Amino acid sequence: MIDLDRPWPASKISFSNIIPQDYDCFYAQVIENQNPQLKAVPLGVKQKGILATCNYEARRRGVTKLMQIFEATKICPDLVLADGEDLSPFRDVSKRLYSLLEPFSWNKKIERLGLDEVFLDVTDLVAYNVELLNSNTLQQSFFCLSREDPEQGFPYDASAVSGCVHGSPPAPGDPSFTQYLRILVASHLAHYLRLKLEEEGYTCACGISSSKLLSKLAGNKNKPRNQTAIVAFGEDAIVSFMDEHKLRKVPGIGGRTTRLLEGHVLSKEMDPSVYTMECSVTVGQVRAHPGMSVPTLEKLLGGPGSEKGIGEKVWGLLHGVDNTEVKPASLIPTQISIEDTYKGLHELSEINRELRALSTSLLRRMHVDLVEEDPKRDAPGGSQRWVAHPKTIRLTTRPKTSPSDAIPYNAGRTSRSQPMPNFIFSFSMLRDAIIEKLASEVLLPMFLKLNPAQRQWNIGLINICAANMVVTGNDDGLGSGRDISAMFRRQEDVLREWTVYSDDGVPQNQGQGSPPNVDGEGAISGDNAPAPNDADFGNQGAEEEEDSGTKTWEEDGWHGTEHCHRCDLLIPAFALLAHQRYHATECD
Ligand code: DCP
Ligand code: MG
Ligand code: MG
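Residues numbered from 1 in each chain as written. Chains lettered and ligands numbered in written order. Predicted model: local features only at pLDDT ≥ 70, side-chain atom pairs only at ≥ 80, totals over all residues. Heavy atoms only, no water.

**Q** Kindly report on the sheet that holds strand β6 (residues 117-121), identifying the contributing residues and their values.
**A** With respect to topology, six strands assemble into an open sheet ordered β5-β6-β1-β10-β11-β9, the strand pairing being mixed. Edge strands, defined here as strands with exactly one partner in the open sheet, are β5 (110-113) and β9 (164-166). The average undirected angle you get between the axes of adjacent strands in this sheet is 20°. Two strands pair when backbone bridges link them, and β9 and strand β11 (residues 226-230) are joined in this way by three bridges, in the parallel orientation. Among the inter-strand pairings, Cys164 is bridged to a residue of β11, identified as Thr228. Strands in contact with helix α7 (residues 212-221) are β1 (18-23), β5, β6, β9, β10 (204-208) and β11; relative to β10, the strand with the most contacts, it is inclined by about 135°. (Pairing = 2+ DSSP bridges. Helix = DSSP H or I, 4+ residues; strand = E, 2+ residues; numbered from the N terminus. Axes fitted to C-alpha atoms, helices over the stretch in contact; angles between N-to-C directions. Contact = heavy atoms within 4.5 Å.)

**Q** I'd love a proper account of the coordination of the magnesium ion (ligand 2), names of residues and values included.
**A** Distances from the magnesium ion (ligand 2) to its protein donors, namely Asp22 (OD), Tyr23 (O) and Asp116 (OD), fall within the range 2.0 to 2.2 Å. Note that the magnesium ion (ligand 2) binds six donor atoms; their angles at the metal cover 82 to 177°, and the shape is octahedral. Sequence spacing of the donor residues for the magnesium ion (ligand 2), all on one chain, is D-Y-x92-D. The metal-metal distance between the magnesium ion (ligand 2) and the magnesium ion (ligand 3) comes to 3.4 Å, with Asp22 coordinating both. (Donors = N, O, S within 2.8 Å, 3.2 Å for Na, K, Ca; no water. Tetrahedral: all angles 85-135°; square planar, octahedral: opposite > 155°, others 65-115°.)

**Q** Provide a residue-level description of the packing of α7 against helix α8 (residues 235-243), including the pertinent values.
**A** The N-to-C vectors of α7 and α8 enclose an angle of 55°; their axes lie 11 Å apart at closest approach. Judged on the interaxial angle alone, α8 and α7 are oblique. Note that α7 runs across α8; the crossing there is left-handed. On α8, the residues touching Leu213, Leu214, Leu217, Ala218 and Lys221 of α7 are Ile238, Phe241 and Met242. (Parallel < 35°, antiparallel > 145°, perpendicular 65-115°, else oblique. Left-handed = near helix turned anticlockwise from the far one by under 90°.)

**Q** Any chance you could break down the packing of helix α1 (residues 26-34) against helix α4 (residues 88-101) for me, citing the residues and the numbers?
**A** Look at α1 against α4: their axes get within 10 Å of each other, and the N-to-C directions meet at 95°. By the criterion of interaxial angle, the relationship of α1 to α4 is roughly perpendicular. Listed contacts from α4 to Phe26, Tyr27, Val30, Ile31 and Gln34 of α1 are Pro89, Phe90, Val93 and Ser94. Counted by class, the contact of α1 with α4 contains seven nonpolar, two polar and no charged residues. (Nonpolar A, V, L, I, M, F, W, Y, C, P; charged D, E, K, R; others polar.)

Printed below as a string of structure tokens:
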């Protein structure tokens with residue numbers, strides 16, 4: 001209980017409040033909402049041979065996320081299995097819930113991580129409501145959700161934090177008391193938001209703190225259907241909160257960092273390239289290890305290919321310091337990536353079939369995520385318009401490996417990029433025709449460049465990715481149809497777009513933005529990958545970066561030039577198609 005005998009201190013300090021929501025057993029909840037009778041039974045959502053997730057009834061019976069199906073059904077014979085291969089329903093719900101939360105961030109910082117996590121920066125709304133508190137009537141407080149309409153909001157009891165609490169509240173005269181009030185007020189907002197989501201049929205866990213790192217870890221403390229606020233403010237209190245966590249559970253600390261530090265602390269040889277979620281050391285063990293310091297971390301973790309300032313970053317994380325901002329609201333993804341894993345594709349017919357399947361998914365995703373109704377427009381295809389254009393299409397393949405080969409997950413992964421063909425944006429062409437053209441005229445030639453036919457194929461993964469997203473309306477390229485010419489006027493741009501990428505030996509954090517969730521067969525990754533605890537949100541940019549280890553088009557042996565039959569310009573042969581598309585747009 002707060003008992004103040006003095007007026008509130010003016011809350012003028014800058015202090016952010018962040019509420020991350022992580023939906024409980026997300027895919028399972030989506031399926032349960034489609035079939036409410038499944039709520040009462042143990043439910044697993046399968047993708048290939050493993051469970052992407054399972055509901056809490058199944059968890060009570062010993063089933064866990066990412067368990068192999070055969071193991072899960074052995075433990076729980078009445079487990080009901082639902083198919084989770086088609087991500088569209090999960091994506092749709094994720095977008096719907098995101099839109100519901102969006103108005104609660106007054107500074108419009110609301111970031112989606114994977115499909116089931118949302119970070120909401122509620123600093124402004126919370127600060128506003130701290131100012132409204134009256135110490136004499138705390139129990140009858142009113143949370144005001146609008147600056148314009150004082151009646152829009154909800155009543156709440158501000159004499160105590162809502163939900164679970166980590167730490168002990170400071171006394172009113174304490175310098176951290178204002179921070180405490182903000183956490184307290186934010187905890188009531190979190191409770192209100194959880195109820196709003198529940199009205200839509202979705203329970204979640206959330207955390208309330210001052211940074212993405214701390215609030216995410218707080219949210220993990222009490223799951224499902226709960227919330228936790230951190231009311232520990234001094235450095236010592238935060239450090240001891242961090243100390244209890246397993247190193248790998250800290251967002252921003254990935255598998256490679258974990259293995260290197262684990263090896264150092266335990267004086268064991270550990271291969272940093274083997275992907276793992278396992279970890280036997282705590283943050284406290286690493287932090288208190290003799291000689292641990294920023295230079296030590298830099299020495300252990302730095303080197304070619306590592307993130308700049310890695311020692312300082314990890315030192316900060318070990319001490320609970322994270323200054324990364326919640327990204328501004330956007331429903332437009334930075335890229336759309338579709339992939340599948342295979343037991344080994346050997347024949348051209350199999351490759352063709354899979355390229356068609358992936359093209360179908362990509363086109364459907366692009367329509368879901370990037371097309372909106374445009375009532376003003378009188379165009380073929382009716383009233384639809386693209387809200388963003390991915391400028392590049394990238395194809396990545398990886399040979400089949402087995403976990404027992406003990407070779408790094410990404411060994412042999414190679415990519416090739418080229419400009420996105422314009423026909424993919426057509427509303428007048430039949431979808432099937434677009435898919436056919438994309439698969440046979442664009443992706444298959446790319447595939448054959450990456451995997452020359454004379455070699456015996458043994459393909460374990462194909463990923464297609466629509467990248468370099470340009471939001472329509474920006475005056476910077478493909479956003480507005482005719483501006484495509486700007487892109488091709490700049491030769492370097494054309495050349496860069498056609499670079500061949502080879503990921504072999506790609507250093508960590510480059511071209512590996514979304515780590516595989518599972519090694520080997522049945523891998524769930526790429527666009528399917530959610531933002532579980534290993535989400536490296538301090539380093540999200542990595543996924544948007546082009547792969548490193550680039551080979552230029554010259555090295556790839558494409559030296560030929562040809563004259564354009566329309567303007568007679570001498571164009572590298574590989575860029576001719578793109579150049580002709582530029583002419584085509586001029587005629588639109
Ligand atoms: N998912 C996936 N592959 C993984 C992990 C998760 O496809 N390796 C999917 C299924 C999950 C969703 O992403 O439903 C969200 O992941 P979470 O880790 O948040 O797991 P859940 O929401 O299922 O469970 P929890 O209640 O533990 O958050
Ligand atoms: Mg979840
Ligand atoms: Mg999650």
